[in-house]
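# Structural overview for review
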Amino acid sequence: MILRDYQQRDIAAIRTLFTQGKRRICYAAPTGSGKTVLFVHAARKAVQQGLSVAILVHRQELVDQTCEALAAEGIAYGIVAAGYPENADALVQVCMVQTLVRRSERLQDVKFLIVDEAHHILAATWSALAAAVPKARLLGVTATPERLDGKGLSTAFDTLVVGPTVKELIAEGWLSPFVVFAPEHQVDLKRLRTVAGDYALGELANRMNTDIVLADAIAEYRKHLDGQSALAFCVTIEHSRATARAFRAAGINAVHLDGDTPTGERRDIIAHLGGAEPLVVCNCGIIAEGLNVPVVAGVILLRPTRSLALYLQQIGRALRPAPGKQRAVILDHAGNVYRHGFPDLEHTWSLAGRPKKRGKALVKRCSSCSALIPAAARECPECAAAQPLPAAPPGRPVSRPLLKLDAMTAHERWLATGSFKSVMNWAGLNEARLHEVARARGYKSGWVYYRLKTAREASEDELVRAVWK
């Protein structure tokens, strides 16, 4: 196994932390960076030391991909999953979470537990399995080290190792360049309830499952992806089925895939997706994770989401490079790029998760001068700048053709109009980034100075309090 430079660096960092006594390590690296290769390398080192290893996954496709990677390295393995033959004598066991929870006795001798898609580890079944081997070393790998609702993983892991960024991987040729198309005016999502930190799916589906939205999706596919395979991410199973029907009615080969699709049919669909004949696979959450089909030319985002993790998982499906693939195409009908930024935006990951958002505000920031003004104001009382008009009401849907966004334009638009908390989380106390924010939002020249001064004084106050405790 030949590891890439960053993989050698990161596996060395993980090994050092284990040597120093850390027992629960989370490794974060973008989709397509080779996390499976990394943890298979770690599993091989454990086997050489005579340690038993369990690798936890939660999708049939992940079982198959992990087994292929182990076989390629000549590592003997067993499988704990319904419908697969067992090899109980192998030191490495690839375990489907849903099966292993009923056979947890198989974990009693495990010394090294590897958890793929580790952002799920706080779910009841996953955490129960991790708790069953408290003395084992734990390595979790994920592209997004936080739950889909933005909560952190600090109760499951001791420390976080962050791998390369998307921008670095694209520059080195390990990920594909991309182009993003998004609507100038977003779908109106006002008054939608939120459940577990994201939009209520039933209400959201009513906004997205309309003839106009589906007609736009078909038109944009033909304009930018015609004759190529793509993944469409939908809100609900019925929305996914309706999307597949609409594409087929327009003469485009499309299928629906969900968790109840029979195993053999799922394998056939994935194999077809990687073949020469183009196919649009419409799904609802079933292939946002773990799918490794580089030939996929693009993604069609039809599910608005407040979850950064879900957004990154979805767009990551198209970023793997392939022969003849010049770029990945992201057709963002959901407007998620405006909520979360460009695919290669650098994120500051933390096991603590993201700051908890408060309830609906009665005020908003002026889009020009950043002054706080009444939420209903159409003109800023401070600078007289007109405020953006609300989107068309749900009862009057309009077509939303997509516009090509280059990285600079999209980044500047995100800095100017994105969530203030999200933008400031990106900027931190980096003076150059703060100046970018100030220019994009039209802040006065002293804003950066006062923000850094305030942060410095707060740090000094904290130091004084610590000394006098």
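Keep in mind it's a predicted model, so treat the numbers as computed, not measured.

How each quantity is defined
- In this numbering scheme, every chain counts its residues from 1 along its sequence in written order.
- The predicted nature of this model means local features are confined to residues of pLDDT at least 70 and side-chain atom pairs, given and counted, to a pLDDT of 80 or more, with totals for whole chains, interfaces and linings taken over all residues.
- As a rule here, side-chain values come from all non-hydrogen atoms in the structure, and water together with hydrogens is ignored.
- Each reported salt bridge corresponds to a side-chain nitrogen of Lys or Arg within 4 Å of a carboxyl oxygen of Asp or Glu.
- Counting from the N terminus, the helices are DSSP H or I runs at least four residues long and the strands are E runs at least two residues long.
- Categorising residues by exposure relies on relative accessible area from a 1.4 Å probe, with only protein chains included: less than 20% of the type maximum marks a residue as buried, more than 50% marks it as exposed, and the intermediate range marks it as partly exposed.
- Strands are labelled as partners when DSSP assigns at least two bridges between them.
- Each axis is a line fitted through C-alpha atoms, taken for helices only over the stretch in contact, and angles between the N-to-C directions span 0 to 180 degrees.
- Any angle between 65 and 115 degrees counts as roughly perpendicular, while under 35 counts as roughly parallel, over 145 as roughly antiparallel, and the rest as oblique.
- Whether two residues touch is decided by their heavy atoms; if any such pair falls within 4.5 Å, the residues are in contact.
- Classification convention: Asp, Glu, Lys, Arg as charged; Ala, Val, Leu, Ile, Met, Phe, Trp, Tyr, Cys, Pro as nonpolar; all other residues, Gly among them, as polar.
- Nonpolar cores were defined as sets of buried Ala, Val, Leu, Ile, Met, Phe, Trp, Tyr and Cys residues, with membership established by side-chain atoms within 4.5 Å.
- Note on ring pairs: Phe, Tyr and Trp rings are taken, using the six-membered ring of Trp, and paired if centres are within 6.5 Å. Classes follow the plane angle, with under 30 degrees stacked, over 60 edge-to-face and the rest tilted.
- Only when the NZ atom of a Lys or the CZ atom of an Arg is both within 6 Å of the ring centre and within 35 degrees of the ring normal do we say a charge sits over the ring.
- By definition, pLDDT measures how confident the predictor is in each residue, and it falls between 0 and 100.
- What a helix should span is 1.5 Å times the count of its residues minus one.
- Here is how to tell: hold the view so the strands point away, follow the path from the first strand over the helix to the second, and if it runs clockwise the crossover is right-handed.

Turning to the pattern of salt bridges, a few remarks are in order. Per the counting criterion, the structure on display carries 14 salt bridges. Measuring nitrogen to oxygen at the nearest pair gives 3.9 Å for the salt bridge that ties Arg-191 to Asp-188. Where Lys-223 meets Glu-220, a salt bridge forms, and the shortest distance between an N and an O atom there is 3.7 Å. Of the two residues, Lys-223 and Glu-220 both sit in helix α8 (residues 211–224), 3 residues apart, roughly one turn of that helix. Overall, Lys-223 belongs to the exposed group, its relative accessible area being 55%. Look at Glu-220 and you get buried, because its relative accessible area is 3%. Connected via shared salt-bridge partners are Glu-86, Arg-103 and Arg-106.

A word on the sheet that holds strand β5 (residues 112–116). Pairing within the open sheet is parallel, and its 7 strands lie in the order β3-β4-β2-β5-β6-β1-β7. Single-partner strands in this sheet number two, and they are β3 (77–80) and β7 (159–162). The sheet shows a mean angle of 20° between the axes of neighbouring strands, direction not considered. Pairing between β5 and strand β6 (residues 137–142): 5 bridges, direction parallel. Paired with Asp-116 across the strands is Val-141, a residue of β6.

Okay, the packing of helix α13 (residues 407–417) against helix α15 (residues 431–441) next. Across the interface, α13 lies against α15 with an axial gap of 8 Å and an inter-helix angle of 80°. As summarised for this structure, α13 and α15 are arranged roughly perpendicular, according to the angle between their axes. Here His-411, Glu-412, Trp-414, Leu-415, Ala-416 and Thr-417 of α13 come into contact with α15, specifically with Glu-436, Val-437, Ala-440 and Arg-441. Looking at side-chain class alone, the contact of α13 with α15 contains 5 nonpolar, 2 polar and 3 charged residues.

This brings us to unusual backbone geometry. The phi dihedral of Glu-117 is positive, around 50°, even though this residue is not glycine. Assignment of secondary structure puts Glu-117 in the loop between β5 and α5 (124–131). Residue Glu-117 is classed as buried on the basis of its relative accessible area of 7%. Positive phi outside glycine occurs at Arg-191, with the angle close to 70°. Mapped onto the elements, Arg-191 comes out in the loop between β8 (178–183) and β9 (194–195). For Arg-191, a relative accessible area of 65% translates into the label exposed.

Grouped together as the largest cluster of nonpolar side chains are 36 residues, with contacts concentrated most on Phe-178, Leu-301, Val-337 and Leu-405. Of all the elements in the fold, those that place two or more residues in this core are α6 (166–171), β8, β11 (230–233), α10 (263–273), β14 (298–301), α11 (308–316), β15 (328–332) and α12 (336–340). Tallying contributions element by element places α11 first for this core, with 4 residues. Formed by 34 residues, the second largest nonpolar core is a distinct cluster that contains Ile-11, Val-63, Leu-70 and Val-94.

Turning our eyes to something else, we now look at the packing of aromatic side chains. Taken as a whole and assessed by the stated rule, the structure comprises 6 aromatic pairs. Judged by centre distance (4.6 Å) and plane angle (65°), the rings of Tyr-443 and Trp-447 are edge-to-face. Between Tyr-449 and Tyr-450 the ring centres are 5.1 Å apart and the planes differ by 75°, which places this aromatic pair in the edge-to-face class. The exposure class assigned to Tyr-450 is exposed, which follows from its relative accessible area of 54%. Here the basic side chain of Arg-4 rests over the ring of Trp-174, its NZ or CZ set 3.8 Å away from the ring centre. In this arrangement the basic side chain of Arg-306 is found over the ring face of Tyr-199, its NZ or CZ atom lying 5.9 Å from the centre.

Whenever strands of a sheet pair, they do so through backbone hydrogen bonds, lying parallel or antiparallel. With respect to topology, 7 strands assemble into an open sheet ordered β12-β13-β11-β14-β15-β8-β18, the strand pairing being mixed. Two strands bound the open sheet, and with one partner strand each, they are β12 (254–257) and β18 (402–405). In this sheet, neighbouring strand axes are inclined to one another by 20° on average, regardless of whether the strands run parallel or antiparallel. Relative to strand β13 (residues 280–283), β12 is paired through 4 bridges, and the arrangement is parallel. Note on β13: the bridge partner recorded for Ala-254 is Val-280. The sheet contacts of α11 involve β11, β14 and β15, and relative to β14 the element is tilted by about 140°.

In this model, the protein chain carries a mean pLDDT of 86, and residues with pLDDT of at least 70 account for 88%. Averaged over each element, pLDDT in the protein chain is lowest for strand β17 (residues 372–374) (46) and highest for strand β1 (residues 24–28) (97). Under a pLDDT of 50 for its full length, residues 357–363 has, in the predicted model, 10 contacts with residues more than four places off or in other chains.

With that settled, the discussion passes to the environment of Pro-164. Inspection of the secondary structure assignment puts Pro-164 in the loop between β7 and α6. Counting along the chain gives 182 residues from Pro-164 to Glu-346, while the straight-line C-alpha distance between them is 9.9 Å. Contact partners of Pro-164, with chain neighbours within four places excluded, come to Tyr-6, Arg-9, Asp-10, Tyr-27, Ala-29, Pro-30 and Leu-169.

Along its 13 residues, helix α9 (residues 237–249) runs 18 Å from first to last C-alpha, staying within 8% of the 18 Å computed at 1.5 Å per residue. Inspection of α9 places His-239, Ser-240, Ala-242, Thr-243, Ala-244 and Phe-247 among the buried residues, and these make up the whole buried set. Among the structural elements, α7 (201–208), α8, β12, β13 and β14 are those in contact with the buried residues of α9. Following α9 by one or two positions, Gly-251 adopts a phi angle in the positive range, close to 85°.

Once that is clear, we can look at the pairing of β13. Because side chains alternate across β13, one face comprises the buried residues Val-280 and Cys-282, and the other comprises Val-281 and Asn-283, equally buried. Between the parallel pair β12 and β13, the chain is carried across by α10, and the sense of this crossover is right-handed.

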